[in-house]
Amino acid sequence: MTTLILVHGAWHGPWCWERLVPLLEAKGHTVLTPALPGHDTADGAPATTTLEDYGRAIASVANGESEQVVLVGHSMGGAVITHAAALSSNVAGLIYLAAFVPDHGDSIAELAGAAPADELSERVALAPDGGRTVIEDGAGNDVFYADCTAEDQAWANARLIPQPIQPITEPLEDPEGRAASLPAFGIICTQDRAVHPDLQRDMCEARGMPTSEVAASHSPFLSVPRDLADEINKALGEMGVS
């Protein structure tokens with residue numbers, strides 16, 4: 001089967017994949033859930049962290065595998081897997097989950113700025129250091145976990161950490177088009193309040209990738225993990241890498 005590297009998004013860490021991993025493993029896949037640099041600590045990554053740092057970290061994980069891998073990026077993680085694929089020759093495909101899909105020269109901030117209004121931008125505050133952002137207290141319930149139970153909302157909100165700004169504002173570097181040449185698939189979350197569903201569709205269409213849709217908010221790995229596992233499995237078959 002396939003080796004999957006699941007890449008979390010902004011303010012999050014590998015903890016977000018806990019329910020999804022065993023479901024994917026039950027389908028025969030090997031699943032890795034690395035932390036982006038600094039995202040495995042309560043203090044979060046420093047303000048000096050860059051998209052390059054993120055991309056190189058994931059590329060290193062991919063390069064350490066004996067066979068080619070498929071990268072799955074959630075939200076900001078879409079930019080990270082794109083950057084990682086531009087740096088690694090050991091990536092067979094890319095799956096974008098409620099994710100940003102940048103091309104060479106695009107930044108997440110620019111892509112988000114072209115989208116219909118979303119709730120996330122109104123619930124983000126600047127951290128005291130001036131180089132990171134934080135989610136307003138309890139706002140994750142609305143923007144990330146709207147379809148989750150109250151217990152899951154509390155569990156997830158308590159784990160959110162500060163997010164460096166630079167990876168959001170820096171343009172993607174893929175001058176040779178390596179990432180753009182790979183098979184790709186988009187999973188759209190139709191109830192998403194963080195990355196507008198129409199923006200998700202537009203980015204996937206611009207990339208020319210097939211898509212499927214899940215009736216979920218921004219975090220289907222918490223609210224509908226079994227459905228998400230099925231969609232990822234279907235995506236692998238669609239890309240011809242299962």
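Here, the structure is the one placed above.
The text that follows walks through the structure, step by step, so that each part is easy to find. Since we're looking at a predicted model, the values are computed, not measured.

## Considerations on the overall build of the protein chain
Link 1 in the chain: When helices and strands are counted, the protein chain shows ten helices and nine strands.
Link 2 in the chain: Relative to the globule expectation of 18 Å for 242 residues, the C-alpha radius of gyration of the protein chain, 16 Å, shows essentially globular dimensions.
Link 3 in the chain: For the protein chain, with 242 residues in total, the buried portion stands at 54%.
Link 4 in the chain: Of the contacts formed within the protein chain by residues at least 6 apart in sequence, a portion of 73% connects residues at least 24 apart.
Link 5 in the chain: For the protein chain, the computed accessible surface area is about 9,600 Å², with 47% contributed by carbon and sulfur atoms.
Link 6 in the chain: The protein chain carries 12 positive and 34 negative side-chain charges, and their two centres are separated by 5 Å.

## Brief notes about the packing of aromatic side chains
Link 1 in the chain: According to the stated counting rule, one finds four aromatic pairs in the structure shown.
Link 2 in the chain: Between the aromatic rings of Phe 144 and Tyr 145, the centroid separation amounts to 5.7 Å while the plane-to-plane angle is 65 degrees, which identifies the pairing as edge-to-face.
Link 3 in the chain: We classify Phe 144 as buried; its relative accessible area is 2%.
Link 4 in the chain: The class of Tyr 145 is buried, set by a relative accessible area of 0%.
Link 5 in the chain: Members of the aromatic cluster, connected to one another through ring pairs, are Trp 11, Phe 144 and Tyr 145.

## A look at the pairing of strand β8 (residues 184–189)
Link 1 in the chain: Of all six residues making up β8, six are buried, and the element is well covered by its neighbours.
Link 2 in the chain: Alternating positions in β8 separate into two faces, Ala 184, Gly 186 and Ile 188 on one and Phe 185, Ile 187 and Cys 189 on the other, with burial throughout.
Link 3 in the chain: Relative to β8, strand β4 (residues 91–97) runs parallel, the two sharing four bridges. For Tyr 96, the partnering residue across the bridge sits in β8 and is Gly 186.
Link 4 in the chain: Here β8 runs beside strand β9 (residues 211–214); their pairing, made up of four bridges, is parallel. Paired with Ile 188 across the two strands is Glu 213, which belongs to β9.
Link 5 in the chain: For the crossover that starts at β8, traverses helix α8 (residues 197–207) and ends in the parallel β9, the hand is right-handed.

Rules used in this analysis
Residues numbered from 1 in each chain as written. Predicted model: local features only at pLDDT ≥ 70, side-chain atom pairs only at ≥ 80, totals over all residues. Heavy atoms only, no water. Helix = DSSP H or I, 4+ residues; strand = E, 2+ residues; numbered from the N terminus. Rg over C-alpha atoms; globule rule 2.2 N^0.38 Å. Buried < 20%, exposed > 50% of the residue type's maximum accessible area, 1.4 Å probe, protein only. Contact = heavy atoms within 4.5 Å. Areas by Shrake-Rupley, 256 points an atom, 1.4 Å probe, with all protein chains shown as cover. Lys, Arg positive; Asp, Glu negative; His and termini not counted. Charge placed at Lys NZ, Arg CZ, Asp CG, Glu CD. Phe/Tyr/Trp six-rings, centres within 6.5 Å; stacked < 30°, edge-to-face > 60°. Pairing = 2+ DSSP bridges. Right-handed = clockwise from strand over helix to strand, strands pointing away.

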